[in-house]
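Secondary and tertiary structure notes
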Amino acid sequence: MQPKLLELHFSQLQTEWVTSKYNNYSDDRKNIYHEKLATIIEGLGKEDFASLDDSQIQERYWVIFFVFKSLEFLNHSTRSTIPFEMVYVLEVALKEWSPGDDYIIVTSLTNGMNEFSFDGSLSFYPFIYTYIENLYSVSFDYKLVQINLPESTSRDYLANVVLYHELGHFIEKKFAITRVIYAELLAAIRRADPAELNNIYRYFPYLRLPAKVDEFEKRYEEYNQLSMHISEYFCDLFASQYIKDCSNFYLEYVTLNQAVESTTHPSTINRIIFINEYLDNKGGFVLSEYKRIVERITGIEIGYKGKDFSTANFESLIPVEVKELSELHGLFHYGWKVWLGEWENIRQKAEIQFTLSNADVYAIINNLIEKSIGNFIVKNEWELIKV
Amino acid sequence: MNNRYFRTSFILAYLLFFMLNRHYMLYSYNPENEKLTQFAVLLDRAVKGEASYVSVVNDVIHQTHQFAAGEKTLYDINRDLTNIILLLSEADKDYFEHLADNPEKYDQQTYQRVLSLITPNQTTTV
């Protein structure tokens, strides 16, 4: 029975591979990764599944899962499908936190509106890599950082500021940041310092209930309410280092400024307060614990990592000439500033004779952000070739 | 017992594969369980004498020992293994605390014991 199920699973993979094997990527690292998948599939094809015992079948199950999951994202990360400019900027941020060139950001385009998420199954299951190396002598130089985003807005640079938040999920899992904050907050509750408690209750109101505290202390789970809320606050904080309060605008709208927390997310009101306190250089115990713990684990201080520039280029329909990497993040802030500002400025500066519609401004801002990033990439690549 | 455990978890894992891509799920799961399931496979291969898995298994057990004995803290244990080290340590702190400092002393009996600690932690339910 079990080998037959494994045969079924492998048949599904082989069917998928019929089309995926022709994928064409703009990034050589993905081509190398793809070739390794081919070697694994070839190895699986040579095996006699009927002769395997239970744990050997499980190993193959996870290997097939791994290849399938890789293809799910690589299929949407080809030359023609990947939101290239956005991914480029996210990789700039990623490299600040993980300087070794051992991660590749890949995307999967979803059908639903606002379906942004991070999937850690290829980055944080270290034992699958052990199986693969042992069974098929394949070792991966790169791991995939999987980010889901809606296909309909994949080139919307205003909405896509929330991808910094999704990248934050990768960072907090890579460094097990949530796990440490979880332990430290529960320890603080036991210390019962009134000032600390007041600040903890502000962001995690349910921790006023001793039974809840007991439950969280008894067993940590990555998907329990406290750990998910800690993680969401961290990701908001992570994102605001690059795009300041830009994701607040979008978040506030898509959640209808939700006043009550859910099991997965804190209330939007609290999330926005948390970020604004950070941006205004205020904040109490919880924020200072986040900062302390992140710095101790990663060696990196939480702080603004983008660079602002004063320009009216977008209003004049001209891309911004980005001179350094940190300015790439500033483009989103500038784009939001123009969107939220007076559109009449664009009409006047660009000497446009007709009234601009919201669709016109939307297209202008997105095109200009994309062009600004694209021009920087071309210039940067050209400089590298010259060297 | 192990065969039954692997058979059940294989079927559940297979169902999981189909369910994860949907907006609703037939049953609950959590990533810790998946990591534990994957580690259990390594332990089973080590119990069966597969030398190529021994060093990985020994590393996890040794780091759990260091954490349980207070030689390492939450801040300096391996970040990839943080949750699994904490889960193992919580499952039987005393056992890991008193394990040998030298991982070369871990043997099939050790792997079998750790495997038996993991099995009851599998809480996936259909």
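This structure is a prediction, so every number in the text was calculated from the model and none was measured.

Regarding its fold elements, chain B presents six helices and zero strands. When the helices and strands of chain B are placed in sequence order, the string is α-α-α-α-α-α. Looking at chain B as a whole, 39% of its 126 residues are labelled buried. Considering only intrachain contacts with a sequence separation of at least 6, the fraction spanning at least 24 residues in chain B is 70%.

A word on the overall build of chain A. Looking only at helices and strands, one finds 16 helices and three strands in chain A. Whereas a compact globule of 387 residues would reach a radius of gyration of roughly 21 Å, chain A reaches 23 Å, a difference of no more than 12%. With the C-alpha coordinates of chain A rotated into their principal frame, the extents come out at 75 × 60 × 40 Å. Taking as baseline every contact in chain A between residues at least 6 positions apart, the subset at least 24 positions apart corresponds to 78%.

The subject of this paragraph is the pairing of strand β3 (residues 143-150) of chain A. Residue and element names in this part refer to chain A. Note that strand β1 (residues 103-110) and β3 share eight bridges and pair parallel. Counterpart to Leu109 in the pairing with β3 is Leu149. Two elements, strand β2 (residues 117-119) and β3, share three bridges in a ladder whose sense is antiparallel. Note on β3: the bridge partner recorded for Ser117 is Asn148.

So, on to the interface of chain B and chain A. Counting residues at the interface gives 28 residues for chain B, matched by 30 residues for chain A. Counting residues per element, the side of chain B that touches chain A draws most heavily on helix α2 (residues 31-47) of chain B, at 10 residues. Residues belonging to the side of chain B that touches chain A are distributed by class as follows: 14 nonpolar, six polar and eight charged.

Further remarks concern the packing of helix α3 (residues 54-74) of chain A against helix α5 (residues 126-136) of chain A. Residue and element names in this part refer to chain A. Contact geometry of α3 with α5 gives a least axis separation of 9 Å together with a crossing angle of 105°. One finds that α3 runs roughly perpendicular with respect to α5. Here α3 contributes Glu59, Trp62, Val63 and Phe66 to the contact with α5, which in turn contributes Ile128, Tyr131, Ile132 and Leu135. When its residues are assigned to classes, the contact of α3 with α5 shows seven nonpolar, no polar and one charged.

Every α-helix carries 3.6 residues per turn, so stepping three or four residues along brings you back to the same face. Residues and elements named next belong to chain A. Looking only at helix α11 (residues 246-254), the buried set comprises Cys246, Ser247, Asn248 and Leu251. Considering only its buried residues, α11 is in contact with α6 (163-174), α10 (225-243), α12 (268-279) and α14 (325-340). Looking one or two residues beyond α11, the residue adopting positive phi is Leu256, at roughly 55°.

All names here are of chain A. A sheet is described by the order of its strands in space; here three strands give the open sequence β1-β3-β2, paired in mixed fashion. Across the chains shown, the open sheet's two edge strands, defined by having one partner strand only, are β1 and β2. Going across the sheet, the axis of each strand differs from the next one's by a mean of 25°, ignoring polarity. Lying on the sheet, helix α4 (residues 84-97) is in contact with β1 and β3; it crosses β1 at an angle near 140°.

Quick look at the environment of Lys174 of chain A now. Assignment of secondary structure puts Lys174 of chain A in helix α6. According to the C-beta neighbour criterion, Lys174 of chain A is buried, with 21 such atoms within 10 Å. C-alpha of Lys174 of chain A to C-alpha of Trp97 of chain A: the two residues are 77 residues apart in sequence and 9.8 Å apart in space. The residues contacting Lys174 of chain A, other than those within four sequence positions of it, are Ser98 of chain A together with Arg79 of chain B.

All right, on to the packing of helix α7 (residues 177-191) of chain A against helix α13 (residues 285-298) of chain A then. All names here are of chain A. Relative orientation of the contacting elements α7 and α13 amounts to 130°, with a least axis distance of 10 Å. Classified by the angle between their axes, α7 and α13 sit oblique to one another. The handedness of the crossing between α7 and α13 is right-handed. Residues Ile177, Val180, Ile181 and Glu184 of α7 touch α13, and the partners they reach there are Glu289, Tyr290, Ile293, Val294 and Ile297.

So, on to α10 of chain A. Residues and elements named next belong to chain A. Given a rise of 1.5 Å per residue, 19 residues ought to cover 27 Å, and the 26 Å separating the end C-alpha atoms of α10 matches this to within 8%. Extensive coverage of α10 is indicated by the burial of 17 of its 19 residues. Positive phi appears at Lys244, one or two residues downstream of α10, with a value of about 50°.

So, on to the environment of Tyr278 of chain A. Tracing the sequence through the fold places Tyr278 of chain A in helix α12. Considering only alpha carbons, one finds Tyr278 of chain A and Gln241 of chain A, 37 residues apart in sequence, at a separation of 9.5 Å.

All right, on to the confidence of the model for chain B then. Any region with low pLDDT has predicted coordinates that should not be read closely. Residues and elements named next belong to chain B. Averaged over all residues, the pLDDT of chain B equals 79, while 69% of them reach at least 70. Every residue in residues 10-28 is under pLDDT 50, and counting partners more than four places away or in other chains gives 23 contacts. For this predicted complex, the interface score ipTM comes out at 0.86, while the overall pTM is 0.90.

Residue and element names in this part refer to chain A. Located in the positive-phi region is Ser137, a residue other than glycine, with phi close to 55°. Following the sequence through the fold, Ser137 ends up in the loop between α5 and β3. In the Ramachandran plot, Asn281 falls in the positive-phi region, its phi being about 60° despite a non-glycine side chain. As for its position among the elements, Asn281 is in the loop between α12 and α13.

What counts, and where the lines are drawn
Residues numbered from 1 in each chain as written. Chains lettered and ligands numbered in written order. Predicted model: local features only at pLDDT ≥ 70, side-chain atom pairs only at ≥ 80, totals over all residues. Helix = DSSP H or I, 4+ residues; strand = E, 2+ residues; numbered from the N terminus. Buried ≥ 20, exposed ≤ 12 C-beta atoms within 10 Å, placed from the backbone. Contact = placed C-beta atoms within 7 Å. Rg over C-alpha atoms; globule rule 2.2 N^0.38 Å. Pairing = 2+ DSSP bridges. Nonpolar A, V, L, I, M, F, W, Y, C, P; charged D, E, K, R; others polar. Axes fitted to C-alpha atoms, helices over the stretch in contact; angles between N-to-C directions. Parallel < 35°, antiparallel > 145°, perpendicular 65-115°, else oblique. Left-handed = near helix turned anticlockwise from the far one by under 90°. Expected span 1.5 Å × (residues − 1). pLDDT = per-residue confidence, 0-100.

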